[in-house]
Every structure is written in C-alpha cells, then in structure tokens.
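Spelled out, the chains give:
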Amino acid sequence: MSGAARHKEANSCNSLYGKDLLDIRDLDKDQIKFLMRRADTMLGALNSSKRLDPLKNMILGKLFFEESTRTRQSFEIAIQKLGGGYTGFNSDKETSVMKGESLADTIKVMSLMYADVLVLRHPDEGAGREAATHSDVPVINAGDGVGQHPTQALLDLFTLRMEKGRMKDLNIAIVGDLANGRTVHSLAYALALFNNNMTFIAPPELQLPRRIISDLKNNYSISTQKTSSIEAALDVDVIYMTRIQRERFKKPEDYARFASSYTIDEDFMSKAREGTIVMHPGPRLTEISPKIDSLPGSVYFRQASYGVPVRMAILKSLLVK
Ligand code: NCD
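Rules behind the numbers
Residues numbered from 1 in each chain as written. Predicted model: local features only at pLDDT ≥ 70, side-chain atom pairs only at ≥ 80, totals over all residues. Heavy atoms only, no water. Near = heavy atom within 4 Å. Polar contact = N/O pair within 3.5 Å; in protein donor to acceptor, adjacent residues only side chain to side chain. 1 Å grid on protein atoms, 1.4 Å probe; cavity = no way out; pocket = protein on both sides within 12 Å on 5 of 7 lines; lining within 4 Å. Sits in = over half its atoms within 2 Å of the grid points. Nonpolar A, V, L, I, M, F, W, Y, C, P; charged D, E, K, R; others polar. Domains from an automatic or database assignment. Salt bridge = Lys/Arg side-chain N within 4 Å of Asp/Glu carboxyl O. Helix = DSSP H or I, 4+ residues; strand = E, 2+ residues; numbered from the N terminus. Buried < 20%, exposed > 50% of the residue type's maximum accessible area, 1.4 Å probe, protein only. Core = buried A, V, L, I, M, F, W, Y, C linked by side-chain atoms within 4.5 Å. Contact = heavy atoms within 4.5 Å. Expected span 1.5 Å × (residues − 1). Axes fitted to C-alpha atoms, helices over the stretch in contact; angles between N-to-C directions. Parallel < 35°, antiparallel > 145°, perpendicular 65-115°, else oblique. Left-handed = near helix turned anticlockwise from the far one by under 90°. Phe/Tyr/Trp six-rings, centres within 6.5 Å; stacked < 30°, edge-to-face > 60°. Lys NZ or Arg CZ within 6 Å of the ring centre and 35° of its normal. pLDDT = per-residue confidence, 0-100.

Undergrad: I'd like a description of the site of the ligand, backed by residues and values.
TA: The local shell around the ligand consists of Thr 71, Arg 121, His 149, Gln 152, Arg 182, Thr 183, Arg 243, Gln 245, Pro 281, Gly 282 and Pro 283. Contacts to the ligand include Arg 182, whose side-chain N or O atom sits 2.8 Å from an oxygen atom. For the ligand, a nitrogen atom lies 2.9 Å from a polar atom in the backbone of Gly 282. Mapping the ligand onto the cavity grids shows that it belongs to the largest pocket. Of the residues belonging to the shell around the ligand, the class tally is two nonpolar, six polar and three charged. When residues are assigned to domains, the shell around the ligand turns out to be shared by domain 1 (3-149 + 306-319) and domain 2 (150-305), each giving three or more.

If you want it as structure tokens, here you go:
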C-alpha cells in the first residue's frame, strides 16, 4: 500500500491528517476553527481563477447507498477543484450489494483499489463507523440513517460565519423532524461547542432524542428549550428548518400526519425579528414557502453552495499532511 492517505495514524501538524470523519464529536473546537479558516481560503480560490491541485492523482471513492443531490455533487466538485478525481456509485442498485455483497466487503475492495478517501452515505445508523473498521483509508460519513451528518454541520457553521459574521452566542431555532433528522443530530453538538442557545421546535413525537438533550446539558453545559410552537422562532437570530423525513416512517399515514407540521411564509417572516436568517440543509419540501426565497435573510441556497469550499477544506485536511 502507498500514498499519504493510507497512514491513518501518522503524526502531523495538521491533526486531521489520515483521520476518519464519522461523527461531529470526532472534532474539537480548534479542529473546527482550523477547517473554517481553510474553507475561507478555498472560497477565495473558488472565487478567483486560481487553480489548486494539492490532491492531484488522488481518487475519492463515493459509496452512496441513499439518494443525495447537494452532498454528493459537492464532494464530486470539491475533489475535482483540488485536482483529484472520483469513482463510485450513486445508489445501491448500481452495485454488487444487489447481489448480496456485504458493506464490509464493498468497503475493503474500494480501499484496496487505491481510492484515497471513501465517502459513505447509508440508511443504517453506525454504517460509517463500521465501514471505517474495514478501510485502510479515511472514511467520511455523508449521512448514516438517523445518525450523523458531520460535514453538513460544518457547512452549517460556515454559513453562520458567512451570513451572521460569527458562529457563537447566537439564538437558533431548529424546526421540523428532530427525531429523525441526522443533520440536526450533528448540528446540535457543533452549536453547543460554540455556546449557542438552541430552541427545538417539533411535534412532541418528533422532538430531539432525550439522550442528545441530556448530553448537551451534562457534557456541554448547554441548556436548551423545547416546544411545538413555531411562534418561538419569531425572536431568534437563525431559523434552521428541516423536512419531515418521509423515508424513516414505517407507515405512510404517520408521515401524512406530520408532513405539513410547519411552513414559514411571507406573513411569518414579516413578524420575525429584523435580520433573522433562514437556513435549511435541503431538500426543501413545504416547510419554506418559495415566496420568501428572494428575502435577504433566506440563505438556504447559498448555504448549499458553501458545501463546496467546506468539503474542499475537509478533503485537503484528511489527505495532505
Ligand atoms: C439532508 C440529509 O440527507 O440528511 N440532506 C443533505 O445532505 N443536505 C437532509 C434531508 O434529507 O432532509
């Protein structure tokens, strides 16, 4: 085996070199700040005609067992903007998993075929961690069932920096399917690390898991608020909307019961605090009216675009000393 990325345990001044990124809690505050500064540099390069090639000849193996638009494309763009390339699949239907091959064997083969980093999206919680045990190269969790989505949390923090000028000491309302939404399961920890005040707005059945709330309290000394009333989002700095996660409901009628729990529209935004921004990890369904897309505080499309510089920063950090 050869190549820098193969030395998972190597020493270096960049403390992320050779590591996996499976859970947002894998990163400490300094590592997150380091990634934010790198993402600033990447954004600068993207906005100039400067060509970067620190990942020349490196290959990203993408293993997407679940649908994706933003996450997958931004990883594909990010690796190419850094001079590398990619291979892999976009759905389990394209793979030998359909013939009954295990996740372990799929991962082993990809990592032995000289991919330098693997990016995995999978319907099962914990799949990223399992994959990492079978891989000789860094594994990035791009969403594992209802588990975690750490690269989304990083791009969410980057969005706060870009759009609010800081990622700490903000009042943030997080709205929607907080039981099943993995973006929120990562974001809540990232926001807690930087001392943000969080209000979780969800139907009682879809509230944030109790274990996360008590973790935030006991391990991060952050107390949070919970409610089912969207009115609580009227007086905050940031409204983070999420979709009801249809694919996680066993019965269609249960999904139907919650599908239109919350919608924010022009009327709602006219009552909201001046300067409030609206974020959404995408895809947006009915929870944000397209009528507010042109408001200055509606930053969800720009948020998706920040996925590129942030994933460039992540890839370079895991793959170059
Ligand atoms: C999210 C996901 O896949 O968890 N999408 C994304 O990666 N931006 C959110 C969602 O699907 O609701």
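Undergrad: Lay out the pattern of salt bridges in plain terms, naming residues and giving numbers.
TA: Counted by the stated rule, this structure contains 16 salt bridges. The shortest N-O distance in the salt bridge between Asp 235 and Arg 273 comes to 2.8 Å. Within this pair, whereas Asp 235 is found in the loop between β7 (225-227) and β8 (238-241), its partner Arg 273 is found in the loop between α9 (266-271) and β9 (277-279), the two being separated by 38 residues in sequence. Relative accessible area serves as the criterion here: at 31%, Arg 273 is assigned to the partly exposed category. The residue Glu 247 makes a salt bridge to Arg 243 at a minimum N-O spacing of 2.8 Å. A residue is classified by how much of its surface remains accessible, and Glu 247, at 44% relative accessible area, is partly exposed. Classification of Arg 243 by relative accessible area gives buried; the value is 15%. If you follow the salt bridges from partner to partner, you end up with Asp 23, Arg 25 and Asp 215 in one network.

Undergrad: Explain unusual backbone geometry to me, using residue names and the numbers behind them.
TA: Omega for the peptide link from Gly 282 to Pro 283 comes to 0°, which places this bond in the cis form. In this fold, Pro 283 is placed in the loop between β9 and α10 (300-305). The phi dihedral of Tyr 114 falls on the positive side, at around 75°, and the residue is not glycine. Its place among the elements puts Tyr 114 in the loop between α3 (103-112) and β3 (117-122). A relative accessible area of 52% places Tyr 114 in the exposed class. Despite not being glycine, Asp 169 has its phi angle at roughly 55°, a positive value. Positionally, Asp 169 belongs in the loop between α5 (150-164) and β5 (171-175).

Undergrad: Account for the nonpolar core, naming residues and giving values.
TA: Formed by 65 residues in total, the largest nonpolar core has its most connected members in Leu 154, Leu 157, Leu 160, Ile 174, Met 198, Leu 216 and Leu 315. If you count residues domain by domain, this core takes at least three from each of domain 1 (3-149 + 306-319) and domain 2 (150-305). Those residues in contact with Leu 315 that sit more than four places away from it in its chain are Leu 55, Leu 60, Phe 75, Ala 78, Ile 79, Leu 82, Val 117 and Ile 140. Membership of the second largest hydrophobic core comes to 18 residues, among which are Ala 233, Val 236, Ile 264 and Tyr 300.

Undergrad: I'd love a proper account of helix α2 (residues 70-81), names of residues and values included.
TA: Spacing of three or four residues puts side chains on the same side of an α-helix, whose turn is 3.6 residues. Given a rise of 1.5 Å per residue, twelve residues ought to cover 16 Å, and the 16 Å separating the end C-alpha atoms of α2 matches this to within 8%. Inspection of α2 places Thr 71, Arg 72, Ser 74, Phe 75, Glu 76, Ala 78 and Ile 79 among the buried residues, and these make up the whole buried set. Where the residues of α2 are buried, they touch β1 (59-64), β2 (85-89), β3, β4 (139-144), α5 and α11 (307-319). Of the residues flanking the end of α2, it is Gly 83, one or two places downstream, whose phi is positive at about 95°.

Undergrad: Explain the packing of α5 against α11 to me, and be specific about the residues and the numbers.
TA: Where α5 contacts α11, the axes come no closer than 9 Å and their chain directions differ by 120°. Relative to α11, the element α5 lies oblique. In this structure, α5 meets α11 at a crossing whose hand is right-handed. Every residue of α11 that contacts α5 at Thr 151, Gln 152, Leu 154, Leu 155 and Phe 158 is listed here: Gly 307, Pro 309, Val 310, Arg 311 and Ile 314. Class assignment of the residues belonging to the contact of α5 with α11 gives a composition of six nonpolar, three polar and one charged.

Undergrad: Could you give an account of the packing of aromatic side chains, with specific residues and numbers?
TA: The description of an aromatic ring pair rests on the distance of the ring centres and on the angle between the ring planes. This model, assessed by the stated rule, comprises six aromatic pairs. Taken together, a centroid distance of 6.2 Å and an interplanar angle of 35° make the contact between Phe 249 and Phe 258 tilted. Here Phe 249 matches Phe 258 in class, with each residue buried. Of the aromatic side chains, those joined through ring pairs into one cluster are Phe 249, Tyr 255 and Phe 258. Geometry around Tyr 189 places Arg 25 over its ring, the cationic atom sitting 4.2 Å from the centre. Here the basic side chain of Arg 246 rests over the ring of Tyr 255, its NZ or CZ set 5.9 Å away from the ring centre.

Undergrad: Break down the confidence of the model for the protein chain for me, citing the residues and quoting the values.
TA: Per-residue pLDDT for the protein chain averages 94, and the proportion of residues at 70 or more is 96%. Predicted confidence for residues 1-12 stays below pLDDT 50, and this span has 33 contacts to residues more than four positions away or in other chains.

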